[in-house]
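One-letter residues, chain by chain:
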Amino acid sequence: MPSSQPLLQMERIVKRFPGVKALAEARLSVGRGEVHALVGENGAGKSTLIKILTGVYQRDSGSITLDGRPVAFLSPQQAQAGGVSTIYQEVNLVPLRSVAENIFLGREPRRYGILLDRRRMQHESAALLAGMGLQIDVTLPLGAYPIAVQQMVAVARAISTRSQLVVMDEPTSSLDEREVARLFEVIRRLKADGVSVIFVSHRFDELYTICDRVTIMRDGHTIDERPMAQLSRLELVSKMLGRELGALQRAHTTGFAAAERDAAELLVEGRSLRRGRALRDVSLSVRAGEIVGLGGLLGSGRTETARVLFGADKPEGGELLLDGKPARLRNPRAAVRVGIGFCSEDRKAEGIIPQLSVRENLTLAALPGLARLGVVSRERQQALVDRFIKRLGIRTTGPEQQIRELSGGNQQKVLLARWLCLNPRLLILDEPTRGIDVGARAEIQRLIDELAAAGLGVLMISSELEELTEGCDRVVVLRDGRSVAELPRAQLNEAALVAAIANAGRPPEEDANATP
Amino acid sequence: MLPRDGAASTKSRFATGAGLAALGRRYGALAALALLLLYNLLFTRNFLSTQTLYVNLTQVATIVIVAVGMTLVVATGGIDLSVGSLMAIAGALAPLIFLSQAPALSNPAIAIPLAFVLPVLVTAALGLFNGVLVTSYRIQPIIATLVLYIAGRGIAQVMTNGYLQSFKNPAFQSIGLGRPLGIPVQVILMLIVVAVAAWAVRSTVFGRYVLAVGGNEAAARLAGAPVSSVKRSVYVISGALAGIAGLIVIAINSASDANLVGQNMELDAIAAVAVGGTPLTGGRALVIGTLVGALIIQLIRFTLISNGVPYAAAQIINAAIILGAVYIQRP
């Protein structure tokens, strides 16, 4: 704890949503002029905590003190007036209005009380941005500038509102290296002016570069708070994932049998796949009959890898080989045709068609095969659906039930069946058991196991360490968009995996200045 | 959608709970239609005559034909504002063909079929233009189709130099005036269009893709559905159906006025789709509902006018009843 009173003190924050306790016992303390990292995996509660601070949500209990006074902001506007500004990853300003207008939005300088003092607005905006090292025409619409500049404008707006605390929620996710360096320059200036910053990012290099202290959250609790320099990457990752160093390997907790499988011919291979900042250099391969895990933290490039392998996004570099031959997948349709299936991690947004029935959802990918001259054979469709409902034990009132009425686990089974009924050769599963109850989870894991034994190649992305260590034949570990390690079965245990996720394969020059 | 076999009917017993709300929504429109019919039976003189029936059906046919295409577009989450203007283009083009002095077109055996086919191909191609704007250029459907809504009528006027084309051509006009077995041709066309579309939505791969694309585009794409070509297709279908409707209108009128053909048709069609219970957010396509919706709108108009309500007042009451019907069926 710094000797002076901290600027922000959030204590024992509790927030419940219907059915879930998003924050159980969260605390956050930010000193004056401090850049404070807030880290945690998906569902840890970071964004809920930030939204409570900035007035988007109201807390159920707990206390917030800002600058010595208790506060309870009812809206982001109030928070801003109270000295807390937020900069989101997607800039939430008005793209069609000028830069100057955006900076002064809602508190425009006036003449005679009614006329907009445009000249003063432009003059002050330009001066403000120049102070951040940015020389741009402030009369142009904000949308004309790249995201990085828009973010700078958002920061300028925060400064001009005399914010004491600026919250940056993944501000670097759409920036390139040069732009990140510029943002860091601005953060250092803020710091020098005594402004505090809460910095949310999944990029460890950035955290260690810019942050003074770090708060680690997991499952709605604040796990630890420390000076950044006193925490090694390995410790940081084990705390985020909830694995204490040196802890014993936990007992068998998944539905995977961990049996030996004979991997056969190579199905797919990616060599140095690149796409934007998220995917910088990923190499991996999957053979028929094996489960390959894809490990790494949020934002490490796992989903991006999956999407490239499925043809949903085009790689900007590297090579993709199918059956050992160079191939190009123009779109998911092409991938489906060569026998690849993909279950997205976001069932609701990218998986189910909510208004359609279980039958329609299950057979969506199989429709062309169930049809003659474009007319779907209802009998064959029905037979297929009945078979898979039985085979996967999908609990539904019947094939005509709307899929949105099913539980998460049963929706996931329908989506798995959507691919299985095509007899795919490779199935890419992105977090196949996320948000699914324990029973259904084990069933799905057993099913994946059986399918691999029957010759299906599986690429499984998972944040659950047990799923990777118990379920996979090999695990490829990604960090910051690069495949940094590959753990074969013999070396696959939680300690090795956590170590690989945290700091495997870092280039030597980075090792030199990292903490031991 | 009635179960067709024993297996399906045992299943549908389980689905009653989920289906009840949907059925209720559909019965809302049917009930409104029944009420209108009842009112007319009681209060409108000579309502129960073939004459009245045909007047109403011939008037509603073009709305229904266009609205079926609109239903498909709406089911993908889009909208097509250009249909009225496309009708005008088809209506302007057809007389140019069969009235043409060009030697190649002097033979009616060539000119008449061409006068049917070419305008529809042209409006289908313009529908493709709409679809390409929506898919390849990612322009919002309401703006993309606004382009032809504005330009289309202009194109039709340029084609005819702004003159009214009047004609008397029984062979061509059979599409609006013919009565095989005593039934107006356009009513038969309307029933065919409705039946084919309703069947296609339910039983073809294309129909299922339309609903999947409208229900969740990202999921449909990841499931391998050809999202862009499905979207382009619905605009092509909508354009072609608008072309057919345009031909019917000019055949009935024995004249083509680029200014008037299909005027406000996009609004009638959208209203029919909405009253029929198809949500404008996409993901569902109630083709039969659209037919019912168009009949409701037609009957309201007929009822008001045949009971001496002035047209202007009738429009206001019409709008109020549409609002009511949509409100009852809100999800």
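Residue numbering note: each chain is counted from 1, following its sequence as written. Note on labels: chains are lettered from A, ligands numbered from 1, in written order. Given that this is a predicted model, residues contribute local features only at a pLDDT of at least 70 and side-chain atom pairs are listed and counted only at 80 or more, while totals for whole chains, interfaces and linings are drawn from all residues. Side-chain numbers here rest on the full set of heavy atoms in the structure, without hydrogens or water.

Draft legend 1. Highlighting the overall build of chain A. Scanning chain A from terminus to terminus reveals 19 helices and 24 strands. As defined in this context, the radius of gyration uses C-alpha atoms, and a globule is described by 2.2 Å times the residue total to the power 0.38. For 516 residues, the compact-globule formula gives about 24 Å, and the C-alpha radius of gyration of chain A, at 25 Å, lands near that figure. On the principal axes, the C-alpha backbone points of chain A span a range of 75 × 55 × 45 Å. Relative accessibility decides the category of a residue: with a 1.4 Å probe and only protein chains considered, values under 20% of the type maximum give buried, values over 50% give exposed, and everything between is partly exposed. A burial count over chain A gives 55% of its 516 residues as buried. Here the accessible surface of atoms and residues is derived via Shrake-Rupley with a 1.4 Å probe, and residues count as covered only by protein chains that are part of the display. Of the roughly 21900 Å² of accessible surface on chain A, 50% is carried by carbon and sulfur atoms. For chain A, the distance from the average position of its 69 positive side-chain charges to the average position of its 63 negative side-chain charges is 5 Å. The helix and strand labels rest on DSSP assignments: H or I over at least four residues marks a helix, E over at least two residues marks a strand, and numbering proceeds from the N terminus. Positive charges come from Lys and Arg alone, negative charges from Asp and Glu alone, with His and the N- and C-terminal ends not counted. Positions of charges follow a simple convention, taking NZ of Lys, CZ of Arg, CG of Asp or CD of Glu.

Draft legend 2. Representation of the overall build of chain B. Along the backbone of chain B there are 13 helices and 2 strands. In terms of overall size, chain B behaves like a compact globule, its C-alpha atoms giving a radius of gyration of 20 Å where 331 residues would be expected to give roughly 20 Å. Taken across its 331 residues, chain B has 52% of its residues classed as buried. As presented, chain B carries roughly 14700 Å² of accessible surface, and 69% of it is formed by carbon and sulfur atoms. Charge-centre separation for chain B: the mean point of 18 positive side chains lies 10 Å from the mean point of 6 negative side chains.

Draft legend 3. The arrangement of unusual backbone geometry in detail. Positive phi outside glycine occurs at A:Arg162, with the angle close to 55 degrees. Unlike most non-glycine residues, A:Glu431 shows phi in positive territory, near 50 degrees.

Draft legend 4. View of the layout of surface pockets. All names here are of chain B. Only protein atoms enter the 1 Å grid used here. Points where a 1.4 Å probe fits but cannot escape make up a cavity, open sets with protein on both sides within 12 Å along at least five of seven lines make up a pocket, and a residue lines them when an atom lies within 4 Å of a point. Grid points are joined across faces, edges and corners, and a volume is the space filled by probe spheres set on the points. Roughly 1000 Å³ of volume is contained in the second largest pocket. Lining the second largest pocket are 33 residues, with Ile-63, Gln-263, Asp-268, Arg-301 and Tyr-311 sitting closest to its centre. At the level of elements, α2 (50-75), α10 (227-253), β2 (255-256), α11 (265-275), α12 (287-306) and α13 (311-328) are the ones that each hand at least two residues to the lining of the second largest pocket. Among the elements that line the lining of the second largest pocket, the one with the most residues is α11, at 6 residues. Of the residues that constitute the lining of the second largest pocket, the class distribution is 18 nonpolar, 12 polar and 3 charged. Each residue gets one label: Ala, Val, Leu, Ile, Met, Phe, Trp, Tyr, Cys and Pro are nonpolar, Asp, Glu, Lys and Arg are charged, and the others, such as Gly, are polar.

Draft legend 5. Focus on the packing of aromatic side chains. Put simply, two rings from Phe, Tyr or Trp (the six-membered ring, in Trp's case) pair if the centres are within 6.5 Å, and we call them stacked under 30 degrees between planes, edge-to-face over 60, tilted for the rest. In this structure the tally under the stated criterion is 10 aromatic pairs over all chains. The interplanar angle of 70 degrees and the centroid separation of 5.9 Å between the aromatic rings of A:Phe184 and A:Phe199 together place this pair among those described as edge-to-face. Note that A:Phe184 is positioned in helix α6 (residues 177-192) and A:Phe199 in strand β10 (residues 196-200), a separation of 15 residues in sequence. Their ring planes at 80 degrees and their centres at 6.3 Å tell us that B:Phe167 and B:Phe172 sit as a pair that is edge-to-face. Among the aromatic residues, those joined into a ring-pair cluster are B:Phe98, B:Phe116, B:Phe167 and B:Phe172.

Draft legend 6. A look at the interface of chain B and chain A. At the interface, 27 residues of chain B touch 35 residues of chain A. Across the chain B/chain A interface, buried area totals approximately 2300 Å², and carbon plus sulfur atoms make up 65% of it. Salt-bridge detection follows one rule: a side-chain nitrogen of Lys or Arg within 4 Å of a carboxyl oxygen of Asp or Glu. Linking chain B with chain A are 1 salt bridge, by the criterion used here. Where B:Arg208 meets A:Glu360, a salt bridge forms, and the shortest distance between an N and an O atom there is 2.7 Å. Secondary structure elements with two or more residues in the side of chain B that touches chain A: α1 (6-43), α7 (185-203), α8 (205-215) and α9 (217-222) of chain B. At 6 residues, the largest contribution of residues to the side of chain B that touches chain A is made by α8(B). Residue classes in the side of chain B that touches chain A are distributed as 15 nonpolar, 7 polar and 5 charged. By definition in these notes, contact holds between two residues if any of their heavy atoms fall within 4.5 Å. Buried area: the accessible area, evaluated with a 1.4 Å probe, that two parts lose upon being put together, summed over both parts.

Draft legend 7. Focus on the environment of A:Ile394. Residue and element names in this part refer to chain A. Counting through the fold element by element, Ile-394 comes out in the loop between α14 (378-391) and α15 (408-420). A residue is classified by how much of its surface remains accessible, and Ile-394, at 5% relative accessible area, is buried. In this structure, the C-alpha to C-alpha distance between Ile-394 and Leu-273, residues 121 residues apart in sequence, is 37 Å. Those residues in contact with Ile-394, other than ones at most four positions away along the chain, are Leu-362, Phe-388, Ile-389, Leu-406, Asn-410, Lys-413 and Val-414.

Draft legend 8. Layout of the packing of helix α4 (residues 108-135) of chain B against helix α6 (residues 170-177) of chain B. Residues and elements named next belong to chain B. Contact pair α4 / α6: the axes reach a minimum separation of 9 Å and the direction vectors enclose 40 degrees. Contacts from Ile-112, Ala-115 and Phe-116 of α4 reach α6 at Ala-171, Phe-172, Ser-174 and Ile-175. Residues belonging to the contact of α4 with α6 are distributed by class as follows: 6 nonpolar, 1 polar and no charged. Each axis is a line fitted through C-alpha atoms, taken for helices only over the stretch in contact, and angles between the N-to-C directions span 0 to 180 degrees.

Draft legend 9. Looking closely at a nonpolar patch on the surface. Residue and element names in this part refer to chain B. Each patch is assembled from residues with relative accessible area greater than 30% and no salt bridge, linking like charges that lie within 9 Å and nonpolar side chains (Val, Leu, Ile, Met, Phe, Trp, Tyr) that lie within 5 Å. Residues Leu-35, Leu-38, Tyr-39, Leu-41, Leu-42, Phe-43 and Leu-48 make up a contiguous nonpolar surface patch of about 800 Å² in total accessible area. Relative to the helices and strands, Phe-43 is located in helix α1. The exposure class of Phe-43 is exposed, given its relative accessible area of 52%.

Draft legend 10. Examining α4(B) more closely. Residue and element names in this part refer to chain B. To estimate the expected span of a helix, subtract one from its residue number and multiply by 1.5 Å. Over its 28 residues, α4 extends 40 Å from the first C-alpha to the last, a length consistent with the 40 Å expected when each residue adds 1.5 Å. A residue's bend is the angle separating two fitted axes: one through the seven residues that end there, the other through the seven that start there. Leu-114 marks where α4 bends most, by close to 30 degrees. One side-chain oxygen at the N-terminal end of α4 lies 2.9 Å from the backbone nitrogen of Ala-109; it belongs to Asn-107. By the criterion applied in these results, polar contacts are pairs of N or O atoms within 3.5 Å in which, for protein atoms, one can donate a hydrogen and the other can accept it, and in which residues neighboring in sequence qualify only through two side-chain atoms.

Draft legend 11. Spatial organisation of the pattern of salt bridges. Residue and element names in this part refer to chain A. Evaluation of the coordinates by the stated rule reveals 39 salt bridges over all chains. As a salt-bridge pair, Arg-120 and Glu-124 come within 2.9 Å of each other at their nearest N and O atoms. Of this pair, Arg-120 and Glu-124 both sit in helix α4 (residues 118-131), separated by 4 residues, roughly a single helical turn. The exposure class of Arg-120 is partly exposed, given its relative accessible area of 40%. Across the salt bridge formed by Arg-307 and Glu-350, the nearest N and O atoms sit 3.6 Å from each other. Pair noted here: Arg-307 is in helix α9 (residues 302-309) and Glu-350 is in helix α11 (residues 347-350), with a separation of 43 residues, a long-range link.

Draft legend 12. Highlighting the pairing of strand β1 (residues 8-17) of chain A. Residues and elements named next belong to chain A. Pairing between strands is defined by DSSP: at least two bridges between the two strands are required. Where β1 lies against strand β2 (residues 20-30), 7 bridges are found, and the strand directions are antiparallel. Bridge assignment links Phe-17 to a residue of β2, and that residue is Val-20. Inspection of the sheet shows β1 paired to strand β4 (residues 61-66) by 5 bridges, in the antiparallel sense. Note that in β4 the partner of Leu-8 across the bridge is Leu-66.

Taken by themselves, the reported measurements are silent on function.
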